[in-house]
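Here is what each chain is made of, one letter per residue.
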Number of protein chains: 2
Amino acid sequence: MKIGMKLVAGALLLAGLAAADEGMWLMNKPPARQLKRKYGFEATPAWLEHLQRSAVRFNNGGSGSFVSADGLVLTNQHVGADCVQKLGTREKDYIHLGFTAPSRAEEPRCADLELNVLNSIEDVTARVNSAVSAGMDATAAQKARRAAVNSIEKESLDRTGLRSDVVMLYNGGQYHLYRYKKYTDVRLVFTPELDITFFGGDPDNFEYPRYNLDITFFRVYENGVPAKIDHYLKWSRDGARDGDLVFIAGNPGRTDRQNTVAHLEFLRDFLEPRGLNGLRRLEVLLSVYSSRSIENARRAQEDLRMVQNSRKARLGALAGLQDPAVMDRKRAEEKALREAVEKSPELRRQYGDAWDQVAAAVASYRQIQPQYQLLELGTAFRSDLFSKARTLVRMAEETKKPNAERLREYSEAALESLKQDLFSEAPIYKDLETVKLADSLALLMETMGADDETVKKLLAEKSPRARAAELVNGTRLDDVSVRKALASGGASAIEASTDPMIAFAKLVDTPARALRKTYEERVDEPMRQGYAKLARARFAVYKDSVYPDATFTLRLGFGQVKGYEEDGRQVPWTTTLGGTFPHAADHQYREPFNLPKSWMDNKDRLNPKTPFNFVSTVDIIGGNSGSPVVNRAGEFVGIIFDMNLPSLVYRFAYTDVGARSVAVHSEGIIESLKTIYKTKALLQELGR
Amino acid sequence: MKIGMKLVAGALLLAGLAAADEGMWLMNKPPARQLKRKYGFEATPAWLEHLQRSAVRFNNGGSGSFVSADGLVLTNQHVGADCVQKLGTREKDYIHLGFTAPSRAEEPRCADLELNVLNSIEDVTARVNSAVSAGMDATAAQKARRAAVNSIEKESLDRTGLRSDVVMLYNGGQYHLYRYKKYTDVRLVFTPELDITFFGGDPDNFEYPRYNLDITFFRVYENGVPAKIDHYLKWSRDGARDGDLVFIAGNPGRTDRQNTVAHLEFLRDFLEPRGLNGLRRLEVLLSVYSSRSIENARRAQEDLRMVQNSRKARLGALAGLQDPAVMDRKRAEEKALREAVEKSPELRRQYGDAWDQVAAAVASYRQIQPQYQLLELGTAFRSDLFSKARTLVRMAEETKKPNAERLREYSEAALESLKQDLFSEAPIYKDLETVKLADSLALLMETMGADDETVKKLLAEKSPRARAAELVNGTRLDDVSVRKALASGGASAIEASTDPMIAFAKLVDTPARALRKTYEERVDEPMRQGYAKLARARFAVYKDSVYPDATFTLRLGFGQVKGYEEDGRQVPWTTTLGGTFPHAADHQYREPFNLPKSWMDNKDRLNPKTPFNFVSTVDIIGGNSGSPVVNRAGEFVGIIFDMNLPSLVYRFAYTDVGARSVAVHSEGIIESLKTIYKTKALLQELGR
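If you're wondering where the values come from, they're calculated on a predicted model, not measured in any experiment.

When the pLDDT values of chain A are averaged, the result is 94; 97% of them are 70 or greater. In this model, residues 1-18 of chain A is a region of pLDDT below 50 whose contacts with residues beyond four sequence positions or in other chains number 42 contacts.

Residues and elements named next belong to chain A. This model, assessed by the stated rule, comprises 140 salt bridges over all chains. For Arg651, the salt bridge is made with Glu272, and the minimal N-O distance between the two is 3.2 Å. Of this pair, Arg651 sits in the loop between strand 19 (636-643) and strand 20 (661-665) while Glu272 sits in helix 10 (residues 261-291), and the two are 379 residues apart along the sequence. Among the residues examined, Glu272 registers a relative accessible area of 2% and is labelled buried. The network of salt bridges with common partners includes Arg146, Glu376, Arg394, Glu397, Glu398, Lys401, Glu409, Asp509, Arg513, Arg516 and Glu520.

The two copies are related by a screw operation: chain A maps onto chain B through 180° of rotation and 0.0 Å of translation along the axis, at an RMSD of 0.0 Å. Both copies are brought into coincidence by an operation consistent with a two-fold rotation axis.

A word on the interface of chain A and chain B. Taken together, the 52 residues of chain A in the interface contact 52 residues of chain B. Buried surface at the junction of chain A and chain B, both sides included, amounts to about 4,600 Å², of which 60% is carbon and sulfur. One can count four salt bridges joining chain A with chain B. Every element with two or more residues in the side of chain A that touches chain B is listed here: helix 1 (5-12), helix 9 (201-204), helix 10, helix 11 (294-321), helix 12 (324-343), helix 17 (430-448) and helix 19 (464-474) of chain A. The element that contributes the greatest number of residues to the side of chain A that touches chain B is helix 10 of chain A, accounting for 12 residues. For the side of chain A that touches chain B, the class distribution of residues is 21 nonpolar, nine polar and 22 charged.

Residue and element names in this part refer to chain B. Under the definition given, this model contains two disulfides over all chains. Note on cysteine connectivity: Cys83 is disulfide-linked to Cys110, with sulfurs 2.2 Å apart. One quick way to see it: the torsion about the S-S bond of Cys83 and Cys110 is about -80°, and its sign makes the bridge left-handed. Remark: Cys110 occurs in the loop between strand 5 (99-100) and strand 6 (115-123) and Cys83 occurs in helix 4 (residues 77-87); sequence separation between them is 27 residues. With a relative accessible area of 4%, Cys110 lands in the buried category.

For the rest of this paragraph, the subject is the packing of aromatic side chains. Counted by the stated rule, this structure contains 54 aromatic pairs over all chains. Between Phe266(B) and Phe270(B), the aromatic rings sit 5.4 Å apart at their centres with planes inclined by 20°, giving stacked as the arrangement. On the criterion of helical spacing, the pair formed by Phe266(B) and Phe270(B) is a turn pair, its members being four residues apart in helix 10 (residues 261-291). Exposure class is identical for Phe266(B) and Phe270(B). Each is buried. Taken together through their ring pairs, the aromatic side chains of Phe266(A), Phe270(A), Tyr365(A), Tyr372(A) and Tyr519(A) make up a single cluster. Taking the ring centre of Tyr221(B) as reference, the NZ or CZ of Arg187(B) above it sits at 3.7 Å. We note Arg305(B) situated over the ring of Phe198(B); from NZ or CZ to the ring centre the distance is 4.7 Å.

To continue, consider the side chain of Arg163(A). Residue and element names in this part refer to chain A. The residue Arg163 is located in strand 7 (residues 163-169) in this model. Side chain to side chain, Arg163 and Glu114 meet in a polar contact 2.7 Å long. Not counting residues within four places of it along the chain, the set of residues in contact with Arg163 comprises Arg57, Asn59, Glu114, Asn116, Tyr178, Arg179, Tyr180, Lys182 and Ser417.

Turning our eyes to something else, we now look at unusual backbone geometry. Backbone torsion omega between Glu591(A) and Pro592(A) reads 0°, so that peptide bond is classified as cis. With respect to the element layout, Pro592(A) can be found in the loop between helix 22 (580-586) and helix 23 (597-601). Within the chain, Tyr170(A) stands out as a residue other than glycine whose phi angle is a positive 50°. Residue class for Tyr170(A) comes out buried when judged on its relative accessible area of 4%. A positive phi angle is found at Asn171(B), which is not glycine, with a value near 50°. With respect to the helices and strands, Asn171(B) occurs in the loop between strand 7 (163-169) and strand 8 (174-183). Classification of Asn171(B) as partly exposed rests on a relative accessible area of 22%.

Moving on: the sheet that holds strand 17 (residues 611-616) of chain A. Residues and elements named next belong to chain A. Read from one edge to the other, the open sheet built from eight strands follows the order 1-13-12-18-19-20-17-16, with strand pairing classed as antiparallel. Edge positions in the open sheet fall to strand 1 (25-26) and strand 16 (574-576), since each of these has one partner strand only. Where strand 18 (residues 628-630) and strand 19 come together, three bridges link them in antiparallel fashion. The residue bridging Val630 from the neighbouring strand is Phe636, located in strand 19. On top of the sheet, helix 24 (residues 666-677) reaches strand 17, strand 19 and strand 20; it is set at about 35° to strand 20, its chief contact.

Attention now goes to the nonpolar core. In terms of nonpolar packing, the biggest core is built from 87 residues, with Leu74(B), Leu213(B), Phe217(B), Trp235(B), Phe247(B), Trp599(B) and Ile669(B) touching the most fellow members. Take this core: its biggest share by element is six residues, from strand 19 (residues 636-643) of chain B. With sequence-adjacent residues up to four places away left out, Trp599(B) is seen in contact with Ile196(B), Leu213(B), Leu577(B), Thr580(B), Phe581(B), Leu606(B), Phe612(B), Ser672(B), Ile676(B) and Tyr677(B). In this structure, Met27(A), Ala535(A), Tyr677(A) and Leu686(A) belong to the second largest nonpolar core, which totals 86 residues.

Once that is clear, we can look at the sheet that holds strand 13 (residues 555-560) of chain B. All names here are of chain B. Spatial strand order, 1-13-12-18-19-20-17-16: eight strands in an open sheet with antiparallel pairing. Edge positions in the open sheet fall to strand 1 (25-26) and strand 16 (574-576), since each of these has one partner strand only. Bridge count for strand 16 against strand 17 (residues 611-616) is two bridges, and the pairing is antiparallel. Residue pairing for strand 17: Thr576 is matched across the bridge by Pro611.

Turning next to helix 17 of chain A. Residue and element names in this part refer to chain A. Taking 1.5 Å per residue, 19 residues should reach 27 Å; helix 17 reaches 26 Å between its end C-alpha atoms and fits that length. Burial runs high along helix 17: 16 of the 19 residues are buried. Trailing helix 17 by a residue or two, Gly449 shows a phi angle of about 95°, which is positive.

A few words on the pairing of strand 20 of chain A. Residue and element names in this part refer to chain A. Burial analysis of strand 20 places five of its five residues in the buried class, the great majority of the element. Sheet topology note: the strand 17/strand 20 ladder contains four bridges and is antiparallel. Within strand 20, the position partnered with Asn613 by the bridge is Val664. Note that strand 19 and strand 20 share five bridges and pair antiparallel.

Moving on to the side chain of Ser417(B). All names here are of chain B. Mapping Ser417 onto the fold places it in helix 16 (residues 412-422). A relative accessible area of 15% means that Ser417 is categorised as buried. Only 3.1 Å separates the side chain of Ser417 from the side chain of Arg163, close enough to count as a polar contact. The contacts of Ser417, once residues within four sequence positions are left out, are Asn59, Glu114, Arg163 and Lys182.

Criteria and cut-off values
Numbering of residues starts from 1 in every chain and runs along the sequence as written. Chains carry letters from A onward and ligands carry numbers from 1 onward, assigned in written order. A pLDDT threshold of at least 70 governs which residues receive local features in this predicted model, and a stricter bar of 80 or more applies before side-chain atom pairs are shown or counted, although totals over entire chains, interfaces and linings include all residues. By convention in this description, side-chain values take in all heavy atoms of the structure and omit both hydrogens and water. The quantity known as pLDDT measures the predictor's confidence residue by residue, on a range of 0 to 100. When checking whether two residues touch, look at their non-hydrogen atoms; a contact exists if any pair is within 4.5 Å. Salt bridges are defined by distance alone: a side-chain nitrogen of Lys or Arg within 4 Å of a carboxyl oxygen of Asp or Glu. Going along the chain from the N terminus, every DSSP run of H or I of four or more residues is numbered as a helix, and every run of E of two or more is numbered as a strand. Exposure categories follow from relative accessible area, calculated using a 1.4 Å probe and restricted to protein chains: below 20% of the type maximum is buried, above 50% is exposed, and the middle band is partly exposed. Residues below a pLDDT of 70 in either copy are left out; the C-alpha atoms of the rest, at least 70 in both, set the least-squares superposition of the copies. Defined in terms of a 1.4 Å probe, buried area is the accessible area two parts forfeit on being brought together, summed over both. Under the convention adopted here, Pro, Cys and the residues Ala, Val, Leu, Ile, Met, Phe, Trp and Tyr are nonpolar, Asp, Glu, Lys and Arg are charged, and Gly plus all remaining residues are polar. Any cysteine sulfur atom paired with another within 2.5 Å is treated as part of a disulfide. Only Phe, Tyr and Trp rings are paired, with Trp represented by its six-membered ring, and only when their centres lie within 6.5 Å; those with planes under 30 degrees apart are stacked, over 60 edge-to-face, the remainder tilted. Charges are assigned to positions over rings by a cutoff of 6 Å between ring centre and Lys NZ or Arg CZ, combined with an angular limit of 35 degrees from the ring normal. Polar contacts, as used here, are pairs of N or O atoms within 3.5 Å; protein pairs need one atom able to donate a hydrogen and one able to accept it. Residues neighboring in sequence count only if both atoms are side-chain atoms. DSSP calls a pair of strands paired once it identifies at least 2 bridges connecting them. Each axis is a line fitted through C-alpha atoms, taken for helices only over the stretch in contact, and angles between the N-to-C directions span 0 to 180 degrees. Buried Ala, Val, Leu, Ile, Met, Phe, Trp, Tyr and Cys residues form a nonpolar core when they are joined through side-chain atoms within 4.5 Å. Here, expected helix span is obtained from the residue count minus one, scaled by 1.5 Å.

The structure is reproduced here in structure tokens:
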């Protein structure tokens with residue numbers, strides 16, 4: 001946490017507005033003009049298609065890429081860690097120990113990992129919008145749009161067999177149908193020890209300079225054999241160099257750059273502070289649980305790391321909103337667009353009320369947000385067992401309905417992925433479940449009041465701890481066969497079930513569904529309509545210089561490999577393998593600044609000058625983790641794994657002043673695979 | 001965090017209502033009847049006086065006792081740690097290393113520690129109450145009472161030279177004047193390494209079985225030589241034994257056992273959840289700061305430990321309130337008293353409206369609490385530099401007024417202790433100050449809204465980080481001589497000061513004082529009046545079986561050395577020195593389950609059967625840390641340092657079902673001093 005940094009970034013953000021390397025561009029609407037003008041680069045359709053098909057989405061929230069014809073996929077360790085953790089046991093903690101499959105035959109399969117490769121994009125805006133007619137109220141509009149979306153997805157799935165998602169872009173300004181080839185047989189090939197993938201831990205996270213080998217290799221299988229891949233990235237001979245133009249293809253998760261000022265103020269003064277309180281609560285809970293024993297620490301480590309990561313990211317983003325300079329810029333931008341709309345009678349007629357519409361939706365959200373968050377988004381029931389119970393209860397009810405009328409996550413097109421998660425063989429630890437559920441039920445009590453009727457009903461005259469213990473100890477949903485039986489038994493099996501967690505999920509469902517309905521009618525739909533208008537107003541005023549906010553779908557980014565200035569010091573574009581050891585020594589090798597034995601043992605054999613991590617001006621956000629960095633030739637030169645503190649404001653605004661994305665250098669990967677891990681077969685497969 | 005525990009405790013609390021060992025008794029109103037009846041013990045005036053004068057209050061929030069005629073004081077390491085931490089440097093971290101003064105001449109002096117020994121108690125209820133006449137409104141009553149209290153204290157100080165505090169007991173039912181002999185020259189004699197004083201760290205804190213040598217010896221000096229002490233505790237030959245009747249004399253800080261149900265509901269649903277959010281926020285902040293370097297960790301370690309301790313204690317107490325069984329008991333108690341009052345026309349006339357009066361005050365508090373907490377209690381300005389600035393600003397203003405009209409903490413009687421703290425030579429770390437102030441200014445922004453006028457004025461158009469950096473970097477208040485000059489310069493020096501932190505404290509003072517006034521008029525005064533009535537009603541109905549809620553003044557407790565049952569297992573009354581090592585091994589000696597080198601080296605020399613920690617049914621709460629445990633003969637048999645999880649509900653209600661206080665055994669101390677630390681002179685002074 002560097003103090004004063006945000007001040008510099010904030011003061012200069014205004015200058016950064018037109019910064020040339022900004023943007024998370026659609027693959028079907030690349031920044032051709034910008035690339036041509038600033039870098040003289042022509043992104044040909046073939047170049048774009050190759051990159052698109054080499055890029056892999058990790059459905060659990062990250063990015064990656066194919067790096068061999070035999071289905072080899074490279075991503076970050078922290079993206080793949082969920083699988084690695086679930087493969088581990090009390091005796092063999094692969095997160096800490098690392099793992100190298102001795103041979104292809106011995107690559108272990110992940111419990112519930114799904115990878116997606118984007119096959120095609122189709123603009124379906126007209127069809128979605130035509131379902132909604134002018135006179136419809138919010139409920140009818142919502143229903144009609146959902147029906148249209150579910151039908152488009154179902155038709156596409158039936159016709160192509162591909163995962164088919166209608167993606168809302170520009171906050172409702174456009175709808176595109178994304179078709180993915182899906183891989184669900186994903187196996188672990190190689191992952192280094194946590195002490196080098198996450199060297200420096202939470203203190204170094206979102207910071208630079210860095211020294212992290214944050215990589216994991218998986219392999220996708222089809223019909224029990226390694227999948228044959230046509231489009232994969234060739235490994236560059238040299239890797240990224242200072243000043244290079246580089247590109248990334250990845251899945252940025254969420255930005256809020258198009259938000260109105262009223263909406264940003266709501267985030268700043270209400271939603272984000274509350275969200276952060278929730279994260280801190282969970283962080284303390286998991287830290288305390290972890291501290292009790294080594295096995296506890298293993299069980300909770302991935303949850304804890306995710307929570308700490310979110311806490312730091314969201315705190316940085318909130319600090320951006322709390323900087324008057326950032327808000328002043330946002331106010332100026334809004335004023336400019338609003339004036340342009342007001343000037344044209346036609347634009348004013350069509351879009352003039354958009355800001356007020358969003359503001360009204362925000363006000364409604366403020367009313368219901370705490371309850372909606374607790375009961376429908378499930379913050380009051382932090383338990384995998386509860387999530388599975390809810391899925392079973394809702395699936396039984398939703399699948400009775402025609403596809404077009406279902407909740408989105410139970411549509412025909414979504415069911416397969418849903419079941420992949422529901423029937424995961426990953427172990428569930430009842431002690432951790434009890435601790436989390438007890439705390440979240442206490443949160444429910446604290447937020448809504450212990451004497452609230454819904455709370456009293458859900459707690460059943462017991463303390464949060466007692467209620468959580470009773471539910472977790474009593475349920476049999478930790479057994480996959482029990483879940484499968486309930487799922488295949490449908491509504492009658494759910495009705496007949498005496499499982500206490502199923503009964504609890506039913507109890508929750510009435511108030512939760514009511515809140516969801518209110519949310520969709522009073523918040524989601526009017527907000528979508530307002531933002532759709534704003535998006536169209538932007539198209540009208542700013543033409544094609546507009547990219548949509550991030551949606552965890554494939555985007556193209558570009559930028560330059562480049563150092564920066566911080567507090568008057570010049571920070572170089574790259575670190576080296578040799579720099580790793582002094583960084584550890586500075587902290588007396590104390591956790592999380594300890595290095596794995598493999599690194600200490602091979603210290604003198606490594607080429608110390610090899611680039612390790614490097615920075616560039618590419619525009620990214622959470623979800624981009626694991627994105628391949630490629631050069632003009634489309635060759636692999638690095639892999640994104642982080643961003644530095646000044647770039648955390650990226651959620652709301654881009655700047656290249658001090659803000660940088662952070663990647664592992666391709667040569668750092670090769671040198672450590674050769675010298676430390678001696679993974680001959682893997683290197684051969686990479687052509688090195 | 002043991003799940004299910006609270007259930008057992010909760011279910012049986014009702015049975016524990018009349019539990020014989022309950023009570024934090026006034027030294028001038030000891031539980032003579034109870035001791036006689038249950039234990040056949042007669043507490044003679046001489047026995048009581050000896051205990052009272054041997055007991056020492058650590059003014060920074062703990063207890064202790066004299067254990068030699070030469071001013072030797074024993075307390076917990078965690079009570080004395082603030083001094084030890086301030087004596088340490090980057091090179092010599094005595095908290096971790098431990099410390100043994102080589103000779104009396106080399107005992108280092110604490111920067112700002114004040115010890116108090118209770119000399120006399122005088123009931124001044126009549127005089128305080130007579131200052132308030134029937135027709136006065138809240139403001140007038142408050143002012144009159146404060147004037148009476150300030151005058152009583154000033155007169156006593158002038159007449160006796162002793163620290164003189166009027167203590168409000170029974171929430172306003174009585175006022176007693178406490179006179180203390182004060183020691184401000186306190187020097188460090190011996191403290192063990194943190195790894196054994198706090199072995200097991202946060203995970204073992206508030207748990208049992210335990211293996212902690214949580215002790216530190218200080219010596220008080222007068223006129224540069226060790227003080228001569230008439231009353232000190234003789235060290236027992238055997239120490240505590242199973243089944244023994246034992247006593248403690250210490251300073252429990254705060255309980256809320258007499259609270260009305262409406263008040264408890266406010267704590268449960270509003271105040272405690274918010275307080276805990278604040279603690280978690282601080283815990284995460286300090287953890288992140290500490291993780292960045294070893295020196296950072298040293299600087300923040302005592303703050304962090306205090307925060308974690310409060311978090312665990314308050315979470316346990318809140319869990320008690322969230323247990324319907326506890327609240328049902330409270331409702332039943334309130335109903336019983338209310339019915340008794342209603343039955344008597346005289347009682348009803350005098351006290352019948354007390355509950356409603358408290359409820360109204362609680363409702364008023366709810367209105368202003370967030371702002372009051374931030375601006376007046378200072379949660380928005382977590383910075384020692386700010387605290388010192390505020391003290392300087394207010395001291396200049398308050399000392400211009402007649403003593404009777406001042407804010408309580410600036411009365412003549414209080415000034416000396418205030419200056420002891422203000423002029424402390426303890427180092428102030430500007431990096432840590434900046435981090436804490438930036439975060440607390442962000443909290444201010446988040447709670448009151450970034451566009452609130454007061455917030456905007458205090459932030460001065462800057463981000464919280466930028467504003468904090470500017471104030472902390474710009475101030476010179478870290479220099480004691482600057483503080484001394486400003487203090488002696490009085491109002492004109494403050495007015496002329498250009499120090500940015502002084503200017504900031506002035507800016508804060510207008511809204512903060514306004515909130516304090518509102519608080520005193522609408523919350524404090526009516527609540528005090530309501531509770532005073534309730535106290536008198538209890539005296540009328542329950543006679544002398546009533547002890548007051550804790551007030552961080554000297555109290556007598558008693559109970560039995562006794563094991564207990566937990567989840568069906570019998571937990572023995574004591575642990576042994578030998579048990580320490582397997583407990584460390586179970587956690588692979590990983591922090592905080594690592595043992596100091598001195599212990600590992602001397603493992604085989606220790607007598608493994610020596611009792612180490614033990615439990616009893618004595619009724620305690622935070623502030624009792626360091627309280628001596630004595631036997632019937634008044635000999636030292638142990639020192640309180642903790643309570644177990646089921647006893648955290650003690651803040652609201654006593655039970656001896658599963659709940660126990662935890663102490664270090666006197667023989668465990670002797671054996672480790674002899675075998676591990678080889679502190680010959682110290683042992684000789686203890687007569688061993």
